[in-house]
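Coordinate analysis (summary)
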Amino acid sequence: MTAPDPLLKYRFLVTLDPGDAYLPPAQARLLPMVAAGAFQEVAGLGGQLEVLAYAEGGRNDSTLQLPVRHAWNRLTLKRGVARDTSLFAWYAAGLADSLGARRDGAVILLSPDGVPAVAWAFRGGLAAKWSGPDLHAEQNGVAVEALEIAHEGLTQVGQVR
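1. Let's talk about the side chain of histidine 151
Locating histidine 151 in the fold gives a position in the loop between β8 (144-150) and β9 (154-157). Within the local environment of histidine 151, its side chain forms a polar contact with the backbone oxygen of asparagine 73, the two atoms lying 2.9 Å apart. Among the polar contacts made by the side chain of histidine 151, one reaches the main-chain amide nitrogen of glycine 153 at a distance of 3.2 Å. What histidine 151 contacts, discounting residues up to four positions off in sequence, is Trp72, Asn73, Leu75, Phe122, Arg123, Gly124 and Gly125.

In structure tokens form, the structure reads like this:
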């Protein structure tokens, strides 16, 4: 039995409804029409466990490694500036009421036929940092905005069907 080909990293979408990661294939094909935005880059899917090295008395061959706490990386979303101001509006809402601006969401990696294959759902997300485009009159590149999402945890939803 051969292993399936790895998924390509350029077919993905971001949604602010984590339930989208569980849709059946027929409905999942419609997700690109309703997703939160067309992003060209998502970074920060990950976390780390803080570990404390403890030298136990009488144990000279090694130190104990004790777990302390877990932290999640911020998700960074980048996209070309669009006329839709929803990302900045979410960030601005958090300036006034951070508790009310929390959103759950998902980053969904698509298979070659456009169906969700693997997803990472995040919970309690806050729009922690918004960056507008760098403008330069002598360059003709796309204006890009970025949004950083601080969240309270990721759950991997494997092999979505």
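2. Side note on the pairing of strand β7 (residues 116-131)
Where strand β6 (residues 103-110) meets β7, 7 bridges bridge the pair, whose relative direction is antiparallel. Bridged to leucine 110 within β7 is proline 116. Taken together, β6 and the strand that follows it, β7, pair antiparallel across an intervening segment of 5 residues, in which glycine 114 is found at a positive phi of about 85°. By the bridge criterion, 4 bridges tie β7 to β9 in an arrangement that is antiparallel. Along β9, the bridge assignment pairs alanine 119 with valine 157. For β7 and β8, the ladder comprises 5 bridges, and the chain directions are antiparallel. Directly across from leucine 126, in β8, lies its bridge partner alanine 150.

Cut-offs and rules
- Residues numbered from 1 in each chain as written.
- Predicted model: local features only at pLDDT ≥ 70, side-chain atom pairs only at ≥ 80, totals over all residues.
- Heavy atoms only, no water.
- Helix = DSSP H or I, 4+ residues; strand = E, 2+ residues; numbered from the N terminus.
- Polar contact = N/O pair within 3.5 Å; in protein donor to acceptor, adjacent residues only side chain to side chain.
- Contact = heavy atoms within 4.5 Å.
- Pairing = 2+ DSSP bridges.

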